[in-house]
Each structure stands twice: as structure tokens, then as C-alpha cells.
Amino acid sequence: MRTRWDSAPKGRGTRQAEHGGTSFVTRRVVLGAAQTAAVVLLVFALTEALPGDAAVALAGDQPDPARVAAIREAMDLDRPAYERLTDWATGLLHGDFGTSLTSGRPVTRYIADGFGPTLTLAALTLALLVPLGFGLGVLAARQEGGLADRLISSVTLAVYAVPEFALGVLLVTVLALKLAWLPPTAVGHGSDLLAHPAVLVLPVLVLLSRPVCSLSRLVRAGMVDALASPYVAHARRCGVPGVRVRYAHALPNALAPAVQQLARTVDWLLCGVIVVEALFVIPGLGTVLLNAVAERDVPVVQGLAVVFGVLTVLLNLGADLVAHRLTPRAGVAA
């Protein structure tokens, strides 16, 4: 029979764990809010520090001083920086990212137009990344030291060492130009990439190359460590089937770092595919950012930078909360 003495410590421990988990979530949410505010301040400061004058750039090759002054007044560049920062931050809170200096269109239109192709690439890459990364990692861990393990480790290491731009050029040269199996770019296909799936093959292969290597090696390392742990050895001595040992005991130990790696990958897919989009001429957020920088369109650059920064904060916050859920004691200790 359980006595009051036996049950009391367990109850206190449970309450302490729940309190520790709640405090961890609160700390991470507050930190995420502070990081978001820091992103807004940093984006404004960096765009203010850009070389050149946006009014001079918009005035043409031989700007007239009166025209430059008029443009500066229209752009509010004659106002103090803190006033422009206050107005801009207030607009962000209401979903107003400003207006493009070159076209007069709302910045939100640019973001909406570019988000579709970028999200399509990210979703397709992630849909292939999860089964491939976990599958290769589990296979390598099951055959630790064997032929499959050595082959997977060697190939993933070699592929990871190739930059995306170099791999993209190689694939375009061989598969598009030499063999003519696939279109080299998305020129002429518009922003509805799903209507032309052949256009997506090469970009997705390039985007998939490095993340699948890092994820599979991470899953392999986590499973190898777990399979060598004392509790797995005890489970095997107790007659637990090998499949249950691998997938119910060993694999969960690789989930927490794998989830954080997936969050970094999604962040990179949504915010850092500028090189891939430029190489394959895909009208995504990366291409919009490049065009805005070339045209010195400061509001568009600021709006995209804020979107990228906030996405990074939210994805990392979500990854930390999921990892804490999977390994609560590690999260509370942190």
C-alpha cells in the first residue's frame, strides 16, 4: 500500500517539473518578443547605414538638386531618423510595411507575390527532406560500421561539401543543357510553379542536397548513441523486440536535435534561398529582395528584412518549445 510518505515526493516533483516547464516557455516567449523588437531596430539601423542616397538614386543619372530635394521631402528623408523609426514601427504593428519608392505599390504586395514561389519550393523540399533524412539516418545507424553506413556517410559528406551554386550550375549544365531533360530556368512560366512541375525539379534537388546530408548524419549520431546506452541494453536483455528498441527508444533521442535542425532548415528555405532563386530565375522572396537592393527601394528591403527576421525568431521559438517537450529536463535546466 502506498503511504503518504511515498506519494508526497512524487507529487512535489511533478509540480516542480510543471512549474519549470511553464517558466521555460515564458522565458522563451519573452525572449522571442525581445528578439523581434531587436530585429526591427537592427533592420532600420542597417538600412539607414546603406551607402548612397535613395533620393539621388531615384532622381536619375544627372539629378537636378530641386528634384532631389522634392524626392527627399516626399520620402520623409528630411525628417529625423527617430521620427521615421517611430512611424515605421507603428505601421508594422498595424500590418503596414510602407510603400515602394519605385512603383508606389504597397510593400505587402511584393511580399505576397514573392511568398508563393518561395513557399512552394520550401514545402516540396521539406516534404522530401523529412523521410529521406530520417530514413537514411536510421538505415546508417542500423548498419553501424557496415557497408550501408560507410556509403551513406561518405556520400552525404561529399555532397555537403559542394556549395549550392556550384551544384546548381552542374545540374543545369548536365540535365538541362546537355541532356535537355529539364528546363534550365523558370523564365516564361510565371509564379504558378505547380502548374509546371518540371521547373521545380532542379531547384528542389539543389535545396535538398545539403539539408538531407546534415539531418541524416544528425539522426544517425543520435540513434547510435541511444543504441549504445545502458537502458537500451537492458531493454534487449528483457526481450524487447529490436524494432521497438530502435523506433520507440532510440529514435526519440534523436528527435530533439533533429527538430531544431529542421527549424533551421525551414528558416533557410524561407529566408536564405536567394542564390537558388537567382540561379533558376524564380520570382520568390529572394529575387524580390535582390531587385529591391539593386533599385535602392528601401521600404521593400526593410519590409523583407523584417519578415525574414521575424520568421527566424518564430521558427527557432517553435523548435525550442518542441525540443523542450521532447526533453523537458534539458529545457528546464537551460
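Please read all numbers here as calculations on a predicted model, not as lab measurements.

**Q** Before we go on, may I ask you to explain the overall build of the chain in this structure?
**A** For the chain, the count of helices and strands is 14 helices and 0 strands. Helices and strands appear in the chain in the N-to-C order α-α-α-α-α-α-α-α-α-α-α-α-α-α. Expressed as a percentage of its 334 residues, the buried residues of the chain come to 37%. Pairs at least 24 apart in sequence give 72% of the contacts found in the chain among residues at least 6 apart. By element, 65% of the accessible surface of the chain is carried by carbon and sulfur atoms, the whole surface being about 18,300 Å².

**Q** Help me understand the confidence of the model for the chain, please; the structure alone is not making it clear to me.
**A** If pLDDT is low for a region, its predicted coordinates should not be looked at in detail. For the chain, per-residue confidence averages 79 on the pLDDT scale, and 84% of positions sit at 70 or higher. Highest mean pLDDT in the chain belongs to helix 6 (residues 147-160) (90); lowest belongs to helix 14 (residues 328-333) (44). Across residues 1-8, where pLDDT falls below 50, the model places 3 contacts with residues more than four positions away in sequence or in other chains. Counted against residues more than four places away or in other chains, residues 329-334, with its pLDDT under 50, gives 8 contacts.

**Q** Help me understand the packing of helix 7 (residues 164-178) against helix 8 (residues 198-227) in this model?
**A** The description of two packed helices rests on the angle between their axes and on the distance between the axes. Across the interface, helix 7 lies against helix 8 with an axial gap of 10 Å and an inter-helix angle of 140°. The way helix 7 lies across helix 8 gives a crossing that is right-handed. Facing helix 7, whose interface residues are Glu164, Leu167, Gly168, Leu171, Val172, Leu175 and Ala176, helix 8 presents Leu202, Leu205, Val206, Ser209 and Arg210. Considered class by class, the residues forming the contact of helix 7 with helix 8 number 8 nonpolar, 2 polar and 2 charged.

**Q** Would you mind going over the environment of His196 with me for this structure?
**A** As for its placement among the helices and strands, His196 is situated in the loop between helix 7 and helix 8. For His196, a relative accessible area of 31% corresponds to the partly exposed category.

**Q** Even after reading the chapter, I still don't get the nonpolar core, so can you show me in this structure?
**A** Nonpolar side chains in soluble globular proteins tend to be buried together. Core analysis: the biggest nonpolar cluster contains 46 residues, and Trp88, Phe97, Ile111, Leu202, Phe280, Val300 and Leu304 have the highest contact counts within it. By residue number, the principal contributor to this core is helix 13 (residues 298-326), which donates 8 residues. Leu208, Val219, Met223 and Ala258 belong to the second largest nonpolar core, which has 20 residues in total.

**Q** Before we go on, may I ask you to explain the pattern of salt bridges in this structure?
**A** Any two side chains of opposite charge can pair, given that their charged atoms come close. Taken as a whole and judged by the stated rule, the model has 3 salt bridges. Linking Arg105 and Asp113 is a salt bridge whose minimum nitrogen-to-oxygen distance equals 2.7 Å. For Arg105, a relative accessible area of 28% translates into the label partly exposed.

**Q** What exactly am I supposed to notice about the packing of helix 5 (residues 107-142) against helix 12 (residues 285-294) here?
**A** Running from N to C, helix 5 and helix 12 point in directions that differ by 140°, and their axes come no closer than 7 Å. Classified by the angle their axes make, helix 5 and helix 12 are oblique. Across the interface between the two elements, Tyr110, Ile111, Gly114, Phe115 and Thr118 from helix 5 touch Leu285, Gly286 and Val288 from helix 12. Residues of the contact of helix 5 with helix 12, tallied by class, amount to 5 nonpolar, 3 polar and no charged.

**Q** Even after reading the chapter, I still don't get unusual backbone geometry, so can you show me in this structure?
**A** With a phi close to 60°, Ala180 is a non-glycine residue in the positive phi region. By the element assignment, Ala180 lies in the loop between helix 7 and helix 8. Positive phi is not limited to glycine here, since Val281 has a value of about 55°. Tracing the backbone through its elements, the reader meets Val281 in the loop between helix 11 (274-280) and helix 12.

**Q** Hey, could you run me through the environment of Pro257 in this one?
**A** Locating Pro257 in the fold gives a position in helix 10 (residues 242-271). Once the C-alpha coordinates of Pro257 and Ala323 are considered, the two residues, 66 residues apart in sequence, prove to be 7.2 Å apart.

**Q** Help me out: how do you make sense of the packing of aromatic side chains in this one?
**A** Aromatic ring pairs are described here by two measures, namely the spacing of the ring centres and the angle between the planes. Counted under the stated rule, the structure contains 1 aromatic pair. In this structure, Arg105 is placed above the aromatic ring of Tyr110, and the distance from its NZ or CZ to the ring centre is 4.7 Å. Directly above the ring of Tyr160 sits Arg210, whose terminal nitrogen or CZ lies 4.3 Å from the centroid.

**Q** Help me understand the environment of Tyr231 in this model?
**A** Within the secondary structure layout, Tyr231 lies in helix 9 (residues 230-237). Separated by 14 residues in the primary sequence, Tyr231 and Val245 have C-alpha atoms spaced 9.9 Å apart.

Conventions used here
Residues numbered from 1 in each chain as written. Predicted model: local features only at pLDDT ≥ 70, side-chain atom pairs only at ≥ 80, totals over all residues. Heavy atoms only, no water. Helix = DSSP H or I, 4+ residues; strand = E, 2+ residues; numbered from the N terminus. Buried < 20%, exposed > 50% of the residue type's maximum accessible area, 1.4 Å probe, protein only. Contact = heavy atoms within 4.5 Å. Areas by Shrake-Rupley, 256 points an atom, 1.4 Å probe, with all protein chains shown as cover. pLDDT = per-residue confidence, 0-100. Axes fitted to C-alpha atoms, helices over the stretch in contact; angles between N-to-C directions. Left-handed = near helix turned anticlockwise from the far one by under 90°. Nonpolar A, V, L, I, M, F, W, Y, C, P; charged D, E, K, R; others polar. Core = buried A, V, L, I, M, F, W, Y, C linked by side-chain atoms within 4.5 Å. Salt bridge = Lys/Arg side-chain N within 4 Å of Asp/Glu carboxyl O. Parallel < 35°, antiparallel > 145°, perpendicular 65-115°, else oblique. Phe/Tyr/Trp six-rings, centres within 6.5 Å; stacked < 30°, edge-to-face > 60°. Lys NZ or Arg CZ within 6 Å of the ring centre and 35° of its normal.

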